[in-house]
Amino acid sequence: MNIMLFHSTYGPRPAVHAAADRLRAAGHEVWTPDLFAGRTFDDVESGRAYSAEVGKDELLKRAILAAAPYSERGLVYAGFSLGAATAQTLALGDAKARGLLLLHGTSDIAENASADDLPVQLHVAEPDPFETDDWLSAWYLRMGRAGADVEIYRYAGAGHLYTDPGLDDYDARAAEATWRTALGFLETL
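This one's a predicted model, so the numbers in the text were calculated from it and none came from an experiment.

(A) Up close: the pairing of strand S3 (residues 75-80). With six of six residues buried, S3 lies mostly within the body of the structure. Alternating residues of S3 divide into Leu75, Tyr77 and Gly79 and Val76, Ala78 and Phe80, and every residue in both groups is buried. Strand direction decides the pairing type here: strand S1 (residues 2-6) and S3, joined by five bridges, are parallel. Within S3, the residue paired with Phe6 across the bridge is Gly79. Pairing between S3 and strand S4 (residues 99-103): five bridges, direction parallel. Within the sheet, the bridge partner assigned to Gly79 lies in S4 and is Leu102.

Following this line, the structure appears as structure tokens:
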């Protein structure tokens, strides 16, 4: 499988590269575009400030330019938190997308979005301050209306970015369960 994996608001931290290596070890080809021009952050506030400074449109443009050379191959779009939102936006706009793997995040869905049976798997903490229960319920319904085939996995007690061992949110058990389930999902695509 060809996977475009987008980093979180923390930037392209070691956890992103470790995730890509894990996916490669399972036989996938993986690209990890750097939407932050080499910048990484130790706290979410700094990352969010940088994201706001660059701007949502510019970040999306960078993501599109990174994915464009590979989109004819039929990509699986994947990402962490902010990167998951980016992956979702690109997947919903790419008729050749093979799947969507969302880790720790989602995004708004346009009213006219069409996913044509796109396989989608979402992994989030429970509770998650950025992905509230009400938001996730509405997101799930909108994705269904768009035609996506959605699975949601919740991890009680985990922190928001629980797959990153370099952050306080890290939860080893939830991270391993996520990767085991995600790798199984990718095998079905």
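So, next bit.
(B) Molecular detail of a negative patch on the surface. Taken together, Asp116, Asp117, Asp149 and Glu151 make up a surface patch of like negative charges. With respect to the helices and strands, the residue Asp116 is situated in the loop between S4 and strand S5 (119-126). Using a relative accessible area of 63% as the deciding quantity, one classes Asp116 as exposed.

(C) Local environment of the packing of aromatic side chains. Scanning the model with the defined rule gives six aromatic pairs in all. Taking 6.0 Å as the distance between ring centres and 70° as the angle between the ring planes, the aromatic pair formed by Phe36 and Phe41 counts as edge-to-face. Considered together, Phe36 and Phe41 belong to a single accessibility category, that of buried residues. Ring centres of Tyr155 and Tyr162 lie 5.1 Å apart, and the angle between their planes is 45°; on these two criteria the pair is classed as tilted. With relative accessibility at 11%, the residue Tyr155 sits in the buried group. Three or more aromatic residues joined by ring pairs make a cluster, and in this case those are Phe36, Phe41 and Tyr50. Taking the ring centre of Trp135 as reference, the NZ or CZ of Arg142 above it sits at 5.0 Å.

(D) Representation of the sheet that holds S5 in the model. The strand order across the open sheet formed by six strands is S2-S1-S3-S4-S5-S6, and the pairing between neighbours is parallel. With partners counted over all chains shown, the strands left at the sheet margins are strand S2 (29-31) and strand S6 (149-156), one partner each. Each adjacent strand pair in this sheet contributes to an overall mean axis angle of 15°, direction not counted. Sheet analysis places S4 next to S5, joined by four bridges and oriented parallel. Directly across from Leu102, in S5, lies its bridge partner Leu122. Those strands touched by helix H4 (residues 82-92) are S1, S3 and S4, and its axis lies near 155° from that of S3. Packing of helix H5 (residues 133-146) onto the sheet brings it into contact with S4, S5 and S6, and relative to S6 it is tilted by some 165°.

Calculation notes
Residues numbered from 1 in each chain as written. Predicted model: local features only at pLDDT ≥ 70, side-chain atom pairs only at ≥ 80, totals over all residues. Heavy atoms only, no water. Buried < 20%, exposed > 50% of the residue type's maximum accessible area, 1.4 Å probe, protein only. Helix = DSSP H or I, 4+ residues; strand = E, 2+ residues; numbered from the N terminus. Pairing = 2+ DSSP bridges. Patch = residues over 30% accessible without salt bridge, like charges linked within 9 Å, V, L, I, M, F, W, Y side chains within 5 Å. Areas by Shrake-Rupley, 256 points an atom, 1.4 Å probe, with all protein chains shown as cover. Salt bridge = Lys/Arg side-chain N within 4 Å of Asp/Glu carboxyl O. Lys, Arg positive; Asp, Glu negative; His and termini not counted. Charge placed at Lys NZ, Arg CZ, Asp CG, Glu CD. Phe/Tyr/Trp six-rings, centres within 6.5 Å; stacked < 30°, edge-to-face > 60°. Lys NZ or Arg CZ within 6 Å of the ring centre and 35° of its normal. Axes fitted to C-alpha atoms, helices over the stretch in contact; angles between N-to-C directions. Contact = heavy atoms within 4.5 Å.

That is the geometry; function is a separate question.
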